Amino acid sequence: MSEGRASDRNDPGSRRWVLWATLVLLVVALLVVLVFLAREYEEAREQQALEQEAAAMVSDMRNALLRNVQTLQSLNSVAPTADSWGAPAAEMLAQHRELVRLEWRDNAQRLVSHRDTPFLIDVFGYLDRTRAVADVKLACDNAQRQSGPAYSASYFWPMRDGLGMELMEMCMPVVRSGVPNGFLVATYSLPGMLAEFPKADELRNRGLSFNDADGTRLALHRMVPGTRRTQSANAVLELPGHTLILQLQSPRLVGGLFPNVLTAVVSALSLALLAVLALLARDTRLRQRAELGVADALAFRKAMENSLVTGLRARDMTGRITYVNPAFCEMVGLGAEQLIGTGLPAPWWPPELVDEYQQRQLVRLAGQTLPREGYESVFQRSDGTRFPVLIIEAPLIDAMGHQTGFMSAILDLTEQRRVEELNRTSQERLQATARLATVGEMASLLSHELNQPLAAIASYASGAMNLLEQPSGTLPQADLSQAMKRISEQAERAGRVIKSVADFVRRREQVRESVSPQALIDAIQPLLVLQAKKQGIQLQIAVAPGCPAVHCDRTMVEQVLLNLARNGMQAMPQGDPALAQGLRMLRIAVQQTRFHSGLRPGGDQHKEWITFEVSDRGLGLSSEVQEKLFTPFFTTRAEGMGLGLSLCRTVIEQHGGALTHEPNQPRGTVFRFTLPRAA
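About the cut-offs
- Residues numbered from 1 in each chain as written.
- Predicted model: local features only at pLDDT ≥ 70, side-chain atom pairs only at ≥ 80, totals over all residues.
- Heavy atoms only, no water.
- Helix = DSSP H or I, 4+ residues; strand = E, 2+ residues; numbered from the N terminus.
- Buried < 20%, exposed > 50% of the residue type's maximum accessible area, 1.4 Å probe, protein only.
- Contact = heavy atoms within 4.5 Å.
- Areas by Shrake-Rupley, 256 points an atom, 1.4 Å probe, with all protein chains shown as cover.
- Pairing = 2+ DSSP bridges.
- Axes fitted to C-alpha atoms, helices over the stretch in contact; angles between N-to-C directions.
- Salt bridge = Lys/Arg side-chain N within 4 Å of Asp/Glu carboxyl O.
- Disulfide = S-S within 2.5 Å.

Trainee: Break down the overall build of the protein chain for me, with residues and values.
Mentor: For the protein chain, the count of helices and strands is 16 helices and 22 strands. Within the protein chain, the proportion of its 679 residues that are buried is 37%. Of the contacts formed within the protein chain by residues at least 6 apart in sequence, a portion of 60% connects residues at least 24 apart. Here the protein chain has roughly 38600 Å² of accessible surface; of this, 56% comes from carbon and sulfur atoms.

Trainee: Quick one: what's the story with the sheet that holds strand β17 (residues 538-543), residue by residue and with numbers?
Mentor: In space, the five strands of this open sheet follow the order β17-β19-β20-β22-β21, with mixed pairing throughout. In the strand order of this sheet, the two ends are held by β17 and β21 (659-663), each with one partner. This sheet shows a mean twist of 20° between the axes of neighbouring strands, independent of strand direction. Sheet topology note: the β21/strand β22 (residues 669-676) ladder contains five bridges and is antiparallel. Note that in β22 the partner of Thr-660 across the bridge is Arg-672.

Trainee: Give a detailed account of the pairing of strand β7 (residues 207-211), specifying residues and quantitative values.
Mentor: Of all five residues in β7, five are buried; the element is thus mostly enclosed. Where β7 meets strand β10 (residues 242-251), five bridges bridge the pair, whose relative direction is antiparallel. Looking at the pairing, Gly-207 lines up with Gln-249 of β10. Examined bridge by bridge, β7 and strand β8 (residues 217-222) share four bridges and lie antiparallel to one another. Along β8, the bridge assignment pairs Asn-211 with Arg-217.

Trainee: Give a detailed account of the pattern of salt bridges, specifying residues and quantitative values.
Mentor: Tallied over the entire structure, the rule returns 20 salt bridges. Salt-bridge contacts for Glu-53 lead to Arg-206; the nearest nitrogen and oxygen are separated by 1.9 Å. Of the two residues, Glu-53 sits in helix α2 (residues 12-73) while Arg-206 sits in the loop between α6 (190-196) and β7, which places them 153 residues apart along the sequence. Residues Glu-662 and Arg-672 are paired through a salt bridge, measuring 3.1 Å at the closest nitrogen-oxygen approach. Of this pair, Glu-662 sits in strand β21 while Arg-672 sits in strand β22, and the two are ten residues apart along the sequence. For Arg-672, a relative accessible area of 21% corresponds to the partly exposed category. Among the charged side chains, a network of salt bridges with common partners joins Arg-101, Glu-103, Arg-105, Asp-116, Arg-129 and Glu-169.

Trainee: Break down the state of the cysteines for me, with residues and values.
Mentor: Within the structure shown, the criterion is met by one disulfide. Linked covalently through their sulfurs, Cys-140 and Cys-171 form a disulfide whose S-S length is 2.2 Å. With the S-S bond torsion at 100°, the cross-link from Cys-140 to Cys-171 turns out right-handed. With a gap of 31 residues between them, Cys-140 in helix α5 (residues 133-146) and Cys-171 in strand β5 (residues 164-176) connect regions that are remote in the sequence. Judged by relative accessible area, Cys-140 falls into the buried class, the value being 0%. Exposure remark for Cys-171: the relative accessible area of 1% places this residue in the buried category.

As far as function goes, none of this settles anything; it's purely spatial.
Below is the structure:
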């Protein structure tokens, strides 16, 4: 016997049976656990869905009460007197079954007028309404403090034949033309609220009730039919002055255990489990490979982002920061942990620009087209310093093609602004140098021209002294007066010459103003007359009648005119052309021009411009000189600096115009530039 039992235990078939039995028991146990977990999961889902529906019902009730408040606010506007108030109040009670009474009370909470619901007969017939005055007063006092609707605690109101219902008062101040006009009291029936506010399909086979905070049932609309197990969910209805708990009950949908599990199902599930394990192992290996690839890609992207000097910032559709790179953190002086999750207003906005930036962000978040060239702004670091930036934004699109936010590239323009300021300063210095060089070249002419009035002054003064030395009785008053007058005229002449040079050389702020073309020419005419007389050149000035004023920087435009005129005179050296030919002439002409379409030199289409022309009768410009004419420091004169024409073109282009040149007939060159007409 013992040997038979030992042989049975050592039989391979028995061992296999034990293994299969163990495997089956494990699978059955696994299925039981799965059934239990599935049951708990379904119950949890049902409970969650029920709680969501209860919360939705509370939200609907709150919205319905708010709509009632809005309707009640218009009641006294439509019916301002007690006689006219009754009809619209009765109409509202007919439309809202949850209301059982409407009252209009004065500022002392005395009853002015009232209406009762037509759906409940003699609600306040069993007990007098004054029993509820305390609740009404409490609600109205709260409403007066809050300047808005307030609710009283619910109370039970007995009726005839042992009936009754739970009521709640809502009081709302009435204001007409900014003056308090009493209170509007609405009495709500809690059963009526349960019956009217929820939708009918939401209450199918479900129970609904109002409970107090301690669990006491205040009002019941419907109970769950049958004796099945039920689930319940509570939601809080918070009202100004009172809180109710809405309880929603529903029968459980999950039944008992699953039907009997057959051996074939167990075997199939076991094989499926093994197959799933094999697939899981394979997917795990694939996932590890994918994770390694993703980690490498993230490391590469992180290295790229950390090496950028451009700030990167990502925001969601609400304007909340979701990502920043180190360059952006360094710009604003805040760490990534301080920036991630922050919304509007942004911590790097200057306080005085918050409103402007808020409006700009609302426009961008509204889906407006973003400028591809970006826009400039001003940021503030954590230490309070400001710096200019250029922001380029683009939408963030996910794998499904939906926009999830905005990605911004931020460039710090501090260094660029510094370089621009250095360039501007250098340009101003070059302009000042050009003016000084011009005056230096004219110094010899001025000294020669000033000798004439000074010599005349000395001569007249000597003559006056001779007259004064004559005997007192024979002093010629007329001659002495004439001599003094000539001295004054020559002194004024010398002063005008010196003042014209001083005004030109003196550095002034570049303020654009409305100046007539004749005034621009008059300012430099004394200087031009000196050089023209010395070289035997005839100076012609032709300003078109009625030519309007120009909008310009007066000093810089005068320098342009002076440089062009002096260049024209220098293009006609002594004897070329000969004086007898009548060609030694420098002409300055001004006229109004209206450019169209692509013919305009700059600015808006069809804008009116004033054209200045300076023409000489020199030898003209060769093709080699024309190519380098406006190149800085290029000159054909040994004493020149080569900055005059370059600065002239810069000044004219800054005014929106253009400086051009062309051959003059029969010889010479015409320089022409345009300035905008003054508004």
